[in-house]
Amino acid sequence: MPKSRFLQSVVGLCATSLALTIEAKPPARPAVEVDRDLMEVTIPQLHRYYAQHKYTVTQVVDWYLARIARYNGIYRALEHVFDADARAAAAREDAEAGVAAKHGPLWGVPIVIKANTSIAGKVTTDGWEGYVVSGNELLAPRDATIVSRLRAAGAIVIGHTNMPDFANSDTNRSSSFGRTGNAYDVRFSPGGSSGGTVTAVTANLALLGTGTDTGNSIRMPAATSALIGVYPTRGLVSTAGIAPLDWLLDNTGPIARTVSDAAAALDVMSGEDLLDPVTKGSADKAQRGPYLQYLRADALKGKRFGVPAFILQGVGIPFHGTPAAVSELAAVKQAAEQSVALDPRTRAAFMRAVEELRARGATVVVDDSLLPESFARTAARVSTYAYVREGTNLFLKEFGPAQYRSACDYETAMGVPLGAPIVGSEPTNAQIGDVKINQRILESDPDAERNFFGPRRRALELYLETMDHLHLDGYVYPAIQMPPVDETVAQDSRLSEGPHSATGWVNMLGVPAVVVVGGFYDSGLPFGLEFSGRPFRDGDLLGYAYAWEQATHYRHPPVLVDQGLLPDAR
């Protein structure tokens, strides 16, 4: 009797109540066939392969790990690869392959997690060398909420992705690991701060991944790399267990190659969480899942979108905003210093996308009075820098190692302070003109209303009033102000710090946004198109993204190289 039949007989005799079927391992397939099947595979396709017993979870995980071994030394997308853990998890999934009740919506899906997100027993590097000091690493005591939910859905975590220190950059260099390159051309930037995740996903080193976004950090990297990047309504997905850059602006969401995969991941990641008070009540406000039900190929037909004038004009909105105590003159000066003009190549790519939207039955309103500079000035007054230290302390209290559960503890243990961006001591942000920004506690700050809550409320009102007045279903605009930048040449006479976007206002309002593949520049690098919509109407937004994706089919995978074109730039 064949071994598999014998085992089935034993199980049937000894544990029929378990209804467990042990399948023989699928035969080895030619490498060409495996590559053809798994390259650009989607979640539904992968699950069909599993159902047909064409591949085991272990075989799929091994395929991704082999690609990481081959290409990660060049592109440096993953800072840590959890190969042993991933193979052990895959083996457990294979052992339960016949138990239908065990199959979650992400069963056997290899994923990557951004390195600022806690994974139990792993170092949360946050991209910073200070968190990887031997003996004092930021070792996570448990999983972040989204990691727990992804695991419970059957996902296999295969690694932590590289990111810039504290997620505080528009490019992707970390002091803990080095530089990540763009998969479409390793010399170019994948953007930051979720650049490691986007390079991993677009290069097929993982099926999907997570990113975080404080000012553009899911959406801008997704745009550089022909991916779908989802910034959910703030409060839809918990940020508990994610090392904050600015907890009042931070968010997390999925990064995927298709809208349907992103929607499936968002279903799993979303939900209320006691560790993140912002999520309280979100279940009553959000559109009912699953989000896949909103994905219709005709979702753009008859819809109306507005183009924010201030983005086309390159009007700057300072990161962290400007406190009320800062004069209007100084605020305008600060905004001007952080303004980023729209590159002519990006403008041309965007206008082509506008015509494509119109060809698909949508109306696109382009008018200088639609979210003009005055809107940007209102949004710019959503000031958050005074509270960044509080966010860091709240994170370390719950997800820090035994040695340090606060910023003060870290300084005591290490003899040096935590990084300036996450404790509020950066000279360029802590002092604006003659106004010094001292760290405070949001709940007890008498200036919180005029510095944060009031401006955010007014900016959101302007955003929604414009939608109501012009009968808009959403907004559409370039996800980045320029193409991905070549990091082999200087930008403004210094090492590359970009590319840059003008989309941080989305974080200030907390409204949902999604980036889709908008096409490709003549250089062969991707152009990203961004939609934003009403709070908690994430399903509608994913529907527009899906209709665009199905109408255009712009995405194609990058051609990877075996030898690097750049040294490890730390």
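Residues numbered from 1 in each chain as written. Predicted model: local features only at pLDDT ≥ 70, side-chain atom pairs only at ≥ 80, totals over all residues. Heavy atoms only, no water.

**Student:** Explain the confidence of the model for the protein chain here, please?
**Tutor:** In low-pLDDT segments, the atomic positions of the prediction should not be examined closely. Here the protein chain averages 93 in pLDDT, while 94% of its residues score no lower than 70. pLDDT under 50 marks residues 1–23. Its contacts with residues more than four places away, or in other chains, come to 14 contacts. (pLDDT = per-residue confidence, 0-100. Contact = heavy atoms within 4.5 Å.)

**Student:** Just to check I follow, could you spell out the nonpolar core for this structure?
**Tutor:** A general feature of soluble globular proteins is that nonpolar side chains tend to end up buried together. Ranked by internal contacts, the top residues of the largest apolar core, which has 109 residues, are Ile158, Val476, Leu529 and Phe531. It is helix α4 (residues 57–75) that contributes the most residues to this core, ten residues altogether. Judged by nonpolar contacts, the second largest core, of 41 residues, contains Leu249, Val326, Ala331 and Ala430. (Core = buried A, V, L, I, M, F, W, Y, C linked by side-chain atoms within 4.5 Å. Buried < 20%, exposed > 50% of the residue type's maximum accessible area, 1.4 Å probe, protein only. Helix = DSSP H or I, 4+ residues; strand = E, 2+ residues; numbered from the N terminus.)

**Student:** Would you mind showing me how to read the pairing of strand β7 (residues 228–231) here?
**Tutor:** Looking along a regular strand, one sees side chains alternate from face to face of the sheet. Side chains Ile228 and Val230 of β7 all project onto a buried face; the interleaved residues Gly229 and Tyr231 project onto the opposite face, where all are buried too. In this structure, β7 lies alongside strand β8 (residues 252–256), joined through two bridges in antiparallel fashion. Residue pairing in the sheet places Gly229 in a bridge with Ile255 of β8. Bridging between β7 and strand β14 (residues 513–520) involves three bridges; their strand directions are antiparallel. Across the sheet, Gly229 pairs through a bridge with Val515, a residue of β14. (Pairing = 2+ DSSP bridges.)

**Student:** Teacher, can you tell me more about the packing of helix α9 (residues 259–269) against helix α21 (residues 538–552) here?
**Tutor:** A packed helix pair is summarised by two numbers, namely the angle formed by the two axes and the spacing between the axes. Running from N to C, α9 and α21 point in directions that differ by 160 degrees, and their axes come no closer than 9 Å. Looking at the two axes, α9 sits roughly antiparallel to α21. Taken together, the residues of α21 that come into contact with α9 (itself represented by Val259, Ala263 and Leu266) are Asp538, Leu542, Ala545, Tyr546 and Glu549. In terms of residue class, the contact of α9 with α21 is made up of six nonpolar, no polar and two charged. (Axes fitted to C-alpha atoms, helices over the stretch in contact; angles between N-to-C directions. Parallel < 35°, antiparallel > 145°, perpendicular 65-115°, else oblique. Nonpolar A, V, L, I, M, F, W, Y, C, P; charged D, E, K, R; others polar.)

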